[in-house]
Amino acid sequence: MCAAKGAPPPTVTWALDDEPIPRDSGHRTNQYTMSDGTTVSHMNVTSPQIKDGGVYRCTARNSVGSAEYQARINVRGPPSIRAMKNITAVAGRDTFINCRVIGYPYYSIKWYKDSLLLPDNHRQVVFENGTLKLMDVQKGMDEGEYLCSVLIQPQLSISQSVHVTVKVPPLIQPFEFPPASIGQLLYIPCVVSSGDMPIHITWRKDGHVILSGSGVTIESKEFMSSLQISSVSLKHNGNYTCIASNAAATVSRERQLIVRVPPRFVVQPNNQDGIYGKAGVLNCSVDGYPPPKVMWKHAKGSGNPQQYHPIPLTGRIQILPNSSLLIRHVLEEDIGYYLCQASNGVGTDISKSMFLTVKIPAMITSHPNTTIAIKGQSKELNCTARGERPIIIRWEKGDTVIDPDRNMRYAITTKDNGDEVISTLKLKPADRGDSVFFSCHAINSYGEDRGLIQLTVQEPPDPPELEIREVKARSMNLRWTQRFDGNSIITGFDIEYKNKSDSWDFKQSTRNISPTINQANIVDLHPASVYSIRMYSFNKIGRSEPSKELTISTEEAAPDGPPMDVTLQPMTSQSIQVTWKAPKKELQNGVIRGYQIGYRENSPGSNGQYSIVEMKATGDSEVYTLDNLKKFAQYGVVVQAFNRAGTGPSSSEINATTLEDVPSQPPENVRAISITSDVAVISWSEPPRSTLNGVLKGYRVIFWSLYMDGEWGEMQNITTTRERVELRGMEKFTNYSVQVLAYTQAGDGARSSVLYIQTKEDIPGPPAGIKAVPSSSSSVVVSWLPPAKPNGIIRKYTIFCSSPGSGQPAPSEYETSPDQLFYRIAHLNRGQQYMLWVAAVTSAGRGNISEKVTIEPAGKAPAKIISFGGTVTTPWMKDVRLPCNSVGEPVPAIKWTKDSEDSAIPVTVDGHRLIQANGTLVLRSVKAEDSGYYTCTATNTWGFDTIIINLLVQVPPDQPRLTVSKTSASSITLAWIPGDNGGSSIRGFVLQYSVDNSEEWKDVFISSSERSFKLESLKCGTWYKVKLAAKNSVGAGRISEIIEAKTHGREPSFSKDQHLFTHINSTHARLNLQGWSSGGCPITAIVLEYRPKGNWVWQSLRTNSSSEVFLTELREATWYELRMKACNSAGCGNESAQFATLDYDGSTIPPIKSAQGEGDDVKKLFTIACPVILATLGVALLFIIRKKRKEKRLKRLRDAKSLAEMLISKNNRSFDTPVKGPPQGPRLHIDIPRVQLLIEDKEGIKQLGDDKATMPVTDTEFSQAVNPQSFCTGVSLHHPALIQNTGPLIDMSDIRPGTNPVSRKSVKSAHSTRNRYSSQWTLTKCQASTPARTLTSDWRTVGSQHGITVTESDSYSASLSQDTDKGRNSMVSTESASSTYEELARAYEHAKLEEQLQHAKFEITECFISDSSSDQMTTGTTDNADSMTSMSTPSEPGICRFTASPPKPQDSERGKSVAVPIPHRASKSDYCNLPLYVKSDAFFRKADAHEACPVVPPREASIRNLARAYHAGGRHLTLEPGSKPLGLPPPASAATTLPQRTLPMPGPAGTAAAPSANAAPANPAAAAAPEVAGAGEARVPPHSKVGGSRDSLLEMSTSGVGRSQKQGAGAYSKSYTLV
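Residues numbered from 1 in each chain as written. Predicted model: local features only at pLDDT ≥ 70, side-chain atom pairs only at ≥ 80, totals over all residues. Heavy atoms only, no water.

**Student:** Mind laying out the overall build of the protein chain, listing which residues take part and the relevant values?
**Tutor:** Counting its secondary structure elements, the protein chain contains twelve helices and 113 strands. Burial analysis of the protein chain (1619 residues in total) assigns 48% to the buried set. In the protein chain, the share of contacts with a sequence separation of at least 24, taken over all contacts with a separation of at least 6, comes to 69%. For the protein chain, the accessible surface area stands at approximately 77800 Å², while carbon and sulfur atoms represent 51% of it. (Helix = DSSP H or I, 4+ residues; strand = E, 2+ residues; numbered from the N terminus. Buried < 20%, exposed > 50% of the residue type's maximum accessible area, 1.4 Å probe, protein only. Contact = heavy atoms within 4.5 Å. Areas by Shrake-Rupley, 256 points an atom, 1.4 Å probe, with all protein chains shown as cover.)

**Student:** Help me get a handle on the pairing of strand β12 (residues 108-113), residues and values and all.
**Tutor:** Along β12, the buried face is formed by Ile109, Trp111 and Lys113; none of Ser108, Lys110 and Tyr112, which line the opposite face, is buried. In the sheet, β12 pairs with strand β16 (residues 144-153) via five bridges, with the strands oriented antiparallel. Across the sheet, Ile109 pairs through a bridge with Val150, a residue of β16. The pairing of β12 with strand β13 (residues 116-117) spans two bridges and is classified as antiparallel. Paired with Lys113 across the strands is Leu116, a residue of β13. (Pairing = 2+ DSSP bridges.)

**Student:** An account of the environment of Ala362 is requested, with residue identities and associated values reported.
**Tutor:** Take Ala362: it is sitting in the loop between β36 (350-359) and β37 (363-366). Accessibility expressed as a relative area gives 2% for Ala362, which makes it buried. Residue contacts for Ala362: discarding those within four places in its chain leaves Arg386, Gly387, Ile391, Ala442, Ile443, Asn444, Gly447, Glu448 and Asp449.

**Student:** I'd like a description of the sheet that holds strand β5 (residues 38-45), backed by residues and values.
**Tutor:** What the three strands build is an open sheet, ordered β1-β5-β4; its pairing is antiparallel. Strand pairing shows two members of the sheet lacking a second neighbour, β1 (2-5) and β4 (27-33), which therefore form its edges. Strand-to-strand twist of the sheet, defined as the mean angle between neighbouring strand axes without regard to direction, takes the value 15°. With seven bridges connecting them, β4 and β5 associate as antiparallel partners. Paired with Tyr32 across the two strands is Val40, which belongs to β5. (Axes fitted to C-alpha atoms, helices over the stretch in contact; angles between N-to-C directions.)

**Student:** Outline the nonpolar core, listing residues and values.
**Tutor:** As a rule of thumb, nonpolar side chains are buried together in soluble globular proteins. Counting residues in each nonpolar core, the largest one holds 22 residues, and the members touching the most others are Leu882, Trp896, Leu921, Leu923 and Tyr934. Listing elements by their share of this core, those giving two or more residues are β77 (861-865), β79 (880-882), β84 (921-923), β85 (932-940) and β86 (943-954). Of the residues forming this core, the biggest block, four residues, is contributed by β86. Ignoring sequence-local partners within four residues, the contact set of Leu923 consists of Lys878, Asp879, Val880, Leu882, His912, Arg913, Tyr934 and Leu951. (Core = buried A, V, L, I, M, F, W, Y, C linked by side-chain atoms within 4.5 Å.)

**Student:** Before we move on, can you summarise the environment of Lys507 with the specific residues and values?
**Tutor:** In this fold, Lys507 is placed in the loop between β48 (490-499) and β49 (508-513). In this structure Lys507 comes out as partly exposed when scored by relative accessible area, which is 32%. The spatial distance from the C-alpha of Lys507 to the C-alpha of Glu496 is 6.3 Å, given a sequence separation of eleven residues. Excluding residues within four positions of it along the chain, Lys507 makes contact with Glu496, Tyr497 and Lys498.

**Student:** Now, about a nonpolar patch on the surface: what can you tell me, with residues and values included?
**Tutor:** A cluster of nonpolar side chains, Trp1096, Val1097 and Phe1166, forms an exposed patch at the surface whose accessible area comes to about 350 Å². Here Val1097 is to be found in the loop between β98 (1085-1092) and β99 (1099-1103). (Patch = residues over 30% accessible without salt bridge, like charges linked within 9 Å, V, L, I, M, F, W, Y side chains within 5 Å. Salt bridge = Lys/Arg side-chain N within 4 Å of Asp/Glu carboxyl O.)

**Student:** Tell me about a positive patch on the surface, and please be specific about residues and values.
**Tutor:** On the surface, Arg1186, Arg1189, Lys1190 and Arg1193 cluster together to form a positively charged patch. Note on placement: Arg1193 falls in helix α2 (residues 1158-1209). (Lys, Arg positive; Asp, Glu negative; His and termini not counted. Charge placed at Lys NZ, Arg CZ, Asp CG, Glu CD.)

Written out as C-alpha cells, the structure reads:
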C-alpha cells in the first residue's frame, strides 16, 4: 500500500527495479481517495514468483510536483540478476547503479571495475542492498565497465556487467551589459568554454525566446552566440538569458540591460491664484531614467523676475511625491514667480516658471466676545470685516439667520470705513431668548469668516423647584433646586406654608435663607395634617414668582388615647367576644389601622403574660372573638389601638369566663362483666376534674352488637348519674361493643375506648327452616337451616321422627354433627305417613323444635332439592358456595342460571365459576357484578325442583368528600359527606394529618356517626395536609382527596415606631421589647446578638421576656451593633439597630468617621469579598439546583419508561396473541399542564391503524416452552360497531378494580344497587412461534353465550374516542397531575419487587395521560349514576384509556414486609397507607380481625346493554371449558413451563394456592400462576419505604400477615386516560 496527499489529488504509479510493472492477471493495482483527501494505492501480486522480487517504487505526481518511496521485496528462490541497461552519467553529479538481484536468499553483493573491488576511492560507496553510488562523476576516471557479483553459495557466484558513459555539460563564460543610452549600438557575446559537442545556444528576454528582427540580430557559431542591437530604446530594457545545452545538461546565464532617458515634463506649471489662509498646490510633473530630481525656486514681486532663490522646505511648504509644490497656508508674501527645474544626469536640465496671485477672503477683524443686556431694554452689537470686495455681512442667532423684515425686534445697519466694513445689529428690546450666541458672517468670492458674540440677558430668577424629602409626624424636610437664576447670582430664599384649608393671609414663613442652602426642616407641625407649601428666590434684579404649591400630609403618630367602652361576652367554651369603640377622634393621631387584643388567664397557676392578637379596624365599633381559650376559665382582656405610627395606650383590664364544654377525656377504669345470657354490668370511675370543662351532669353508656356476619346492630345508650349500670335485654351469646362517656350541660364528652363483651350461652332457637323429601320407597331425607338465633355454639342436631298411625307414642331420635344439615332416615314403611322435626343443642341444652313436616316414602323418587334458597350476603373477593344438594332416582341433573333483566343466563364453568359434583355452585373471589338472583334446577325423569338464591356482595365504602369548615390559631375544623357504604354499614373514619412539609402522618379514629371533627393543639400559623377514609365490614375504602389548611398566625415583626432603647449609660443599655408583635402566635424566644463596631465576635443573649432586657458590661464611649430575632411557631422575624454608650462623664459620642486604619482595610476587604462570595455561592447553588432538577427529570423519564414496560410484563398470567410485523420500541407521551415528557427508543414508532388499538409486546422468555405450532386466542371488537350499537362508548373516568365500564345510557336506564363491580377487559396471551402479548380494544362482559373465558387477573383496558380536545380539557391541575405522575414512578418501584420482572418491548399509540378528579365527576349532583352522566363523554376516536392492576396476594407467609401498592383513583394524590388500617383495627373491631389493605370501590352500574351489543358483534373465538386449542400444551404442562410473574402480598395462607383437582381452570395460563408463586417472593426490610415523594405511594407493613384467613386479596387498580 502507498498513501500520498496533495492538492490536487495525486496519481500513483508503480515500478519494479526502475521498470513499469505490467498490468496482467498477476499484478493488479487499485486507487481511491479518502475523506481527508489522502490518495491510497494498493499493488496486489497474485502467486508471487521469483521474478516478482526486487525494489518496488511508488511515485505520486500532480500538476505541482512529485514524491516517491521505494522498498525491496524478496521472493525466495534461486537468485539471479535481472538484465541491466547501460547508464549515462553527468560529470560533476552523483550517479546510482542498482544491481537488480532477484531470488532469495543470497550471501552478498559486490562491485568490480577493472577487476578492482569497489570502493577504491572516496567518491565510491557500496550500500548493503547492493547499490553503488558514484559521487562527483569524472569523465576519465569513472567511465567504463562495472561488474556486479552476487555470492549465492559459499563457492558459487553469479555476475552481470553494466557500462557507464560520462557526459560533460556546457560551461558559459561570464558576460555583462554596459550602460546604454537611447540610440546607442550594443554588442554582447555568449561564449561556451567547455562541454561535449554538439552544443546548442539560444537567447531569451524576460523568459521569452528572442527572434531576429526589430533591430535585434543574433549570430551563432559552434560554441559562441552574439546579441546585437542597432539602436537602443526603452523597449530593450529587461533581463537577457543565454542558454547552452548538450546531451549532458542545459545551463544558462542571465544579465540585465538598463537604458537611460533624459528628463521631460509630463505636467508643466501654469499661472495660478492662491486664497489667503487656504492650501495651494503648484503643479509640476516630470519623468526620465534614472528618475529626475526636481527643485523649486521663488522670485518675489509682480514685475519681471530678477533672481530666483531656492524655496526652503518647511512644515508650511512641501514638495509632493509627484514633484508638485504644496503650500499649506497661503500668505500674502507668497505672491511672485515660481520655477520648477528637473535633472537626472542624462542630457541637459529642464525648467518652467509660473506666477502665483494671492486673493484675500472675507475676515472679521473686530467684535465683542461677551456682553450683557437687561431684559426689556435695547442692545446694540457691532462687527467689523475686511477682504476682497464686495463683502456681505450676515447676522445669525444661534443657527438661525436674522431677517429684520420678518422679525421687527431686530434692525441691521452697514457702513464702509476705509478698507473695512462695519455692521450693527440692534435688539429692541432684549428678551430671555436672546441669551444665546450671536454670530456675524463676512462673505466674499474667496471665503467667509464669522465672529461669535455671547449675549447674556439678566432678569429676576425663576421660582425654585420644591420637593419633599421626608415627612414625619411633626416635622418635614424640604429640598429645592434653583433651575434658572435669571443670569444673576441668587441672593436668598423665602419659604411660606399654611394649613391647606386656610388662605395665604394666615401663612407662616421663613425668610432670608442663605443661597448656599438647598434644604430646610420645618418643625412644630401637627400629626396627620395637610399643609400647603411654596417658595421664592431672589437675585440682584428682583424676586421670583412663587414656586408650585405643594400639598403634604404629616405622618401619623401613635394614638394618645385607649379604645372606649370595652365589653366582653362569652360565646363558647373556648371563645369570648370582645367589643369596643375607637379612641376619641382628637387622640387618634391618624387613621386607626387596627387593634391589638391582649388576653391572659387569671386562674391560679397561670403565668400572667398577655397573648396578643391583631385585627384590622372596620369602623367606629369593633368586634373580635378570642378562640382556642381554655374551657370554663376566667380571662382578663385589654385592647390597644394602633395606626401606622404605632400602638397607643391600652384599655383597663376586664374579666370574663368561657362557657362550659363537654368533657375532654372519657371515664376511667371502664369494666364490663357478663352476668347471664342477656344481662351485663358496666362500671367506671369519674374522669379527671381538670378535663370535665364544666359541671358534671351524668354518664352515658353506648353499646351495640356485632353479628357473626360482620354487621353491626343498632346502637343503644343508657343515661345514669351513678358509676355503674346494668344492661338488660341483651341478645344471647352475642358480641357487644361498649363505650362510656361523661356529659355536662354542653353535651357529651369523649368516649372511652371500645370495650368488648360477650353474653353467655343459652338454649338455641328453633331451626330457621325444615324440608323432608322421599328418596326411595323406604327412606326419606330431611334437611334444615341453622337457628336464626343459635344463642351459643351448636353442639349437635336432634332429628325426631314419629308415625301417628304406628301406635308408638315416643318418636324416634337421631343425632347429627353441627356441620351436617340433612339426614337420611331409612327402614320406613311405604305408604305410611311420618312426622319429622328438628332441634338444635348447645352447652346450655336442647333448644326449641322446628316446625313439624309430614312425609310419606314413595316408590318413585322425583328430583327434589334439599338445600334452601334465600339471601346470601358476603364481602367481595371471597369464595362463595351456593349449595344445591338434591335427591331423586335417577340422580337429578343440576343446572344453574342467573337472572338477567328479561331472561335467565346459564352459568358457565370457568376459572371463576365451578359447579361441584353435589351441585354446589362455587364463585371464586366474588365481585359486585356477581350479585344477583341465582336459580338452581334439579331434574330427573319423574320431575324437577328449583330454589332461588339472592347473592349480595358487599364492597368497601366510597371515598368521603372532605372540606375545611373553620380554622383558628391552634385548630382546624373539618366536615365531610360520606360516600356509598358499599352495602355494609360504615364503622368509622380514619383521619390522617401532617405538617405540609413533613411526611409524618398522624392518625385519628372517628366514630361512624360523626360528620365533623376538630383537630386541636396544632401549631400556630402552620400549613397542614389532611385526608380521610371510611371503613366498613369489608375494609377501608378509598382515601379522600388531600386538602390543605393553615392555622391563623404569622411570624413576629417589630414596630418601627416603638422606642427600642429606654435607657443607655456608659456600661448598660435597657431594651424595650414590647415593640415585637407576636403575629397571633405566642413568641417562644427572642435572641439578641451585639458587638462593638469593627469587632468580629458577637455576644448572644436569649430571653423569653417580651418587656425589658438589660445589656450589661458594655464598653464606655463605644458604638455597638445589635441584631434581634424573635421566633414563634409560624417562623422568625429579624430586626437590627445601632447604639452608642455614653462617655465616662455622661456625654454622647459622635458618629464613627471612616479612618484609613487596619480595621477599615479589613472591613473594606470584607465588604468587597462578601458580594463576590455570595454571588459565587449563588451561581453554584443555581447549578446544583438545575442539576438536581435535571437528574430528577431524567429519573422520572426512566421510571415512566420502565412503568410502561412493566404494564405489559406483569401480565404473564394470560394468553398471548400473535401480531404481524416486528415489535417496535415504546413511545409514551405524557401530557399534563406545564409538564410534558416524551419517551421513545431508537427503534422508532409504528403507528397503529384506525380500526383497532392493538399493542403487541414481544416476550423472548415465552419462546422457551411454547410449541411452534401453537394457537392464540383473543377477541377484538371494532369500535365503530360498538358506537353504532350502544351509542357512546364506555365511560372509564371512574373505573375502580373489578368494575365494568358503564355507558351513560345504561346508567340512566338502570340504577343497580348491588351490581357495582364486574370484570372487564382481559389481556389475552397466545403461544405462537413468535410469542407476543396483545392488548386489544375489546369490551368484555361477564357471561357469554359463546363460552368466552373471562379471567379476573390483572386487567388492562383501552378505548377509542372522538374528540381529543375534550380529553385534554379533562386534565387536572399541575399539582394533581404531578402527584399522578409520581404514582407512575412508584408503581414501577412496586413492580421491581418481582424477582423475575420482564422488560418487554412494546408499542402503543401516542396518547396523553390525563386525569379526572372526583369533583369533576360529581359536578352538580350527588348521585353516583348521575355524576357519571354529567361528565364529558370520552367516547370519540383518538382517546385510549388504560386500567392497570398489580398482582394479587398469593401467600400470606410470603407476604411479610412486602411493599403494598396504594389504591389510587385517577385524581388527586389519594393514598392507602397500610399501617393506617392496622392501627384502625383496635378502634373498629377486635384485635384478631383480619383484613387486607382496602381497595377502591366502583360506581353502581349495569352492563346488560353493553353485553347485548357485544354478543351481537359476533367476534368471539370460543374456548369451551376443558377444551384445548390447537397447538396448546395441556394445562398441567403449561403450569410448569410458562414463566409467570407474581408478587406475594399480605393475604390468606393457602387461599390463593393451586386450585383443587375438581376445579382446575380451563385456561392453562390461569393455572400457571399458583405453581410459581414462590418464585416471585420479594424481601424488603420491615417498616421501610420504597421510593420517596410528598406522600409515599408504597408503605411497608409486617402486620398484614394476620389478616383474614378467608378473605382474598383486593384487586388494586389505577385508571389512566390516554389521549
